[in-house]
Amino acid sequence: MNAKRWICAALAAAMLLGVLPGQAFALDAEDVAEETTTLAEETTLAEETTLAEETTLAEEMTTAEETTAPAETAAALAGPQAYEPFGDVSEYTKIFVSGSISALYFDEGLPTQRFAFSMIESPSMAANAFSNVKDALIANAKKLDWEAVADNLIQFLWNWWGPIQMLPDGTSVNSGITRNADNGAIYWGKNEAFFNFDWRKDPMDLADELDQYIDRICQASGKDKVNLFTMSGSGQMMMAYLQKYGTKKLASATFDISLHNGMDAMGQVATKKIGLSAEAIAKMQMLHMFGAFDLNAQITEQLKWFYESGLVDIVAELFNLIAKGVVSSKIADRIYDEAVTPLIFMLPEFWGFVPLKYYETAKALLFKGDPMYSDFIRRIDRYHYQVMAHADEIVKDAAKKIKVAMVAGYNMPEFPMLDGAVQSDGVVETASTGATCAPLEWPFSKNYKQKVNDGHNHISPDRFIDASTCWLPEQTWLVKDLYHHTERSYAGWYEWFLATPNATVFDNPAYPQYLEMNPTEDTYQPLIIEPAEVTWKTKLLDAGLFFLRIWRWLIRAVTWWI
């Protein structure tokens, strides 16, 4: 791949990582003063298990799986699933775990506190980092001086990510960076607690910190269990926690827009597979994540017609064609070697965003067999091969013992500067729940039958999702047009789920398996597809779209052949 495309890859990686949701909770100081109990204990990190150097990776993984996998997992996967009755668990404290890319601080809690990194709480930081190189970058791009452009992008990434850089041994280059605000606080009026964490760390180590925090909450509340609610990147931590500690301290576990199986976009960035996707551009909803709902609606409507006419395909394919062979890929290698790898891919949690199908290729491309990374690779292998490779087993086993729910979004593509376009919430693939998904553009045919006949209908009203293949088809809720957005309640759904015995997707008409989000109003309602009125105008419009689509596919055929 040539340098121009790699430069786009670096920008895509930076923008992609910058829009992942972080801490979703704004805390009111008065409420904290009146309603919270602060625990004085400091969370201590559990020591990382040291593996004998002479043990091979295959032996390590086999040993870990034999010693940590739930004994009944194999039996649980054989035959029909049978769930024990679970009653009202709302009496237990609800612990909400923040997502990744939340604010990190120097001198947290002191008068000198300042941001180490933040895109959610201080977007101006990224803007300032970019403004320092913007003029030079544009000027060098106009001169086609790609080496200088690479210099500018490398400088930008260091300006932005440099303060939070970590070394291969897992230590931070800059000491004193934390994200612990309000840990240990229980909001007695709501029976809620919040767990923040340094998201740069290994999910397996973070699971140890979470376990200690759960003990503190149980001690403060006087109860032996908690309800655990994770969102986005913290879904990795939940998976690691379940694999290491099981469910004995949990009354329920909820995965909200969870990244437990990684994200295809990060896998492509890690393996240097970047390109414009016409479908993703046409259905781009990224402006939702910045609250620009009206502008997003206007752009989406305009893009729809550009897409149907084939113009978006032409733009995307021309970009991909021009990018081929314009400049030596050595420039792209510089961007990765000098910035992307030492900054972004030295953060263990981000490796948890790389799906298994990309993982080995990504390690080979980014680390190039350098022995200095051997210990780092050994650590990140733990999550992939002990947890991610067995994610479905871990979830199914937990659901036999406690209440478990999963929430995912669909009808949006991932970041547009990536190859392909699949059903997602803009970040996380809908298929990460085990769901079978139709392409973004084409629903299942009218004759489509759900893949698992369990006596219930799991096909979405718009025929884009088949939830019968979900790991937990009775406890998985899917929300159309849900952009990657940290939501704690979903119009009261979570409270209902906790309080209702044996809650399933068929028990409450207000919370069926398929919901729909109104992004402008941030509301949720059951997804109902009303039959469209057929008139001569709609027939004419359908005919026009039909011919436009034929034209678009002809354009695609020509550009593909070229």
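What to know about unusual backbone geometry
So, point 1. Of note, Asn191 is a non-glycine position whose phi angle comes to about 55°, a positive value.
So, point 2. Within the fold, Asn191 resides in the loop between strand E6 (186–187) and strand E7 (192–195).
So, point 3. For Arg463, which is not a glycine, the phi torsion comes out positive at approximately 65°.
So, point 4. Looking at Arg463, the relative accessible area reads 24%, which means it is partly exposed.

Thoughts on the confidence of the model for the protein chain
So, point 1. Residues of the protein chain with pLDDT of at least 70 account for 66%, and the chain-wide mean is 77.
So, point 2. Looking at the elements of the protein chain, mean pLDDT is at its lowest for helix H4 (residues 73–77), recorded as 31, and at its highest for strand E12 (residues 465–466), recorded as 98.
So, point 3. Of the regions scoring below 50 in pLDDT, residues 1–84 engages in 161 contacts with residues more than four places distant in sequence or in other chains.

Quick notes on the pairing of strand E14 (residues 514–518)
So, point 1. Looking at chain direction, strand E13 (residues 476–480) and E14 are connected through 3 bridges and run parallel. Looking across to E14, one finds that Lys480 is bridged to Glu516.
So, point 2. Of the crossover connections in this fold, the one passing from E13 over helix H18 (residues 493–499) to the parallel E14 is left-handed.
So, point 3. The pairing of E14 with strand E15 (residues 523–526) spans 4 bridges and is classified as antiparallel. The partner of Glu516 across the bridge, within E15, is Gln525.
So, point 4. Between E14 and E15, which pair antiparallel and follow one another directly, the connecting turn spans 4 residues, one of which, Asp522, has a positive phi of 55°.

Points about the environment of Tyr359
So, point 1. Residue position: Tyr359 is located in helix H15 (residues 356–367).
So, point 2. Since its relative accessible area comes to 0%, Tyr359 is described here as buried.
So, point 3. A sequence separation of 92 residues divides Tyr359 from Gly267, and the C-alpha atoms of the two residues are 7.3 Å apart.
So, point 4. Dropping the residues within four chain positions of it, Tyr359 is found in contact with Trp351, Val354, Ile377, Ile380, Asp381, His384 and Tyr385.
So, point 5. For Tyr359, the side chain forms a polar contact with the side chain of Asp381, separated by 2.7 Å.

Topic: the sheet that holds strand E5 (residues 177–178)
So, point 1. The 3 strands are arranged E4-E3-E5 in an open sheet whose pairing can be described as antiparallel. Two strands bound the open sheet, and with one partner strand each, they are strand E4 (114–117) and E5.
So, point 2. Sheet analysis places strand E3 (residues 104–106) next to E5, joined by 2 bridges and oriented antiparallel. Bridge pairing links Phe106 to Ile177 in E5.

Some words on the packing of aromatic side chains
So, point 1. Counted under the stated rule, the structure contains 30 aromatic pairs.
So, point 2. For the pair Phe229 and Tyr494, a centre-to-centre distance of 4.8 Å together with 70° between the ring planes defines the contact as edge-to-face. Placement of the pair is Phe229 in strand E8 (residues 226–231) and Tyr494 in helix H18, with a sequence separation of 265 residues.
So, point 3. For Tyr494, a relative accessible area of 0% gives the class buried.
So, point 4. Between Trp477 and Phe497 the ring centres are 5.9 Å apart and the planes differ by 80°, which places this aromatic pair in the edge-to-face class. Of this pair, Trp477 sits in strand E13 while Phe497 sits in helix H18, placing them 20 residues apart in sequence.
So, point 5. Across from the ring centre of Phe497, 5.3 Å away, lies the NZ or CZ of Lys403, which sits over that ring.
So, point 6. In this structure, Arg488 is placed above the aromatic ring of Phe96, and the distance from its NZ or CZ to the ring centre is 4.9 Å.

Brief notes about the environment of Glu516
So, point 1. Tracing the sequence through the fold places Glu516 in strand E14.
So, point 2. Along the backbone, Glu516 and Leu527 are 11 residues apart, and their C-alpha atoms lie at a distance of 5.0 Å.

Comments concerning the nonpolar core
So, point 1. Core analysis: the biggest nonpolar cluster contains 89 residues, and Ile95, Trp161, Trp199, Met239, Phe345, Trp351 and Phe367 have the highest contact counts within it.
So, point 2. Among the elements that take part in this core, helix H6 (residues 146–161) stands out by supplying 9 residues, more than any other.
So, point 3. In this structure, Trp351 is in contact with Phe345, Tyr359, Ala362, Lys363, Leu366, Phe367, Phe376, Ile380 and His384, ignoring residues within four places of it in sequence.
So, point 4. Phe194, Tyr494, Leu498 and Met517 belong to the second-largest nonpolar core, a separate cluster that totals 29 residues.

Procedures and definitions
Residues numbered from 1 in each chain as written. Predicted model: local features only at pLDDT ≥ 70, side-chain atom pairs only at ≥ 80, totals over all residues. Heavy atoms only, no water. Helix = DSSP H or I, 4+ residues; strand = E, 2+ residues; numbered from the N terminus. Buried < 20%, exposed > 50% of the residue type's maximum accessible area, 1.4 Å probe, protein only. pLDDT = per-residue confidence, 0-100. Contact = heavy atoms within 4.5 Å. Pairing = 2+ DSSP bridges. Right-handed = clockwise from strand over helix to strand, strands pointing away. Polar contact = N/O pair within 3.5 Å; in protein donor to acceptor, adjacent residues only side chain to side chain. Phe/Tyr/Trp six-rings, centres within 6.5 Å; stacked < 30°, edge-to-face > 60°. Lys NZ or Arg CZ within 6 Å of the ring centre and 35° of its normal. Core = buried A, V, L, I, M, F, W, Y, C linked by side-chain atoms within 4.5 Å.

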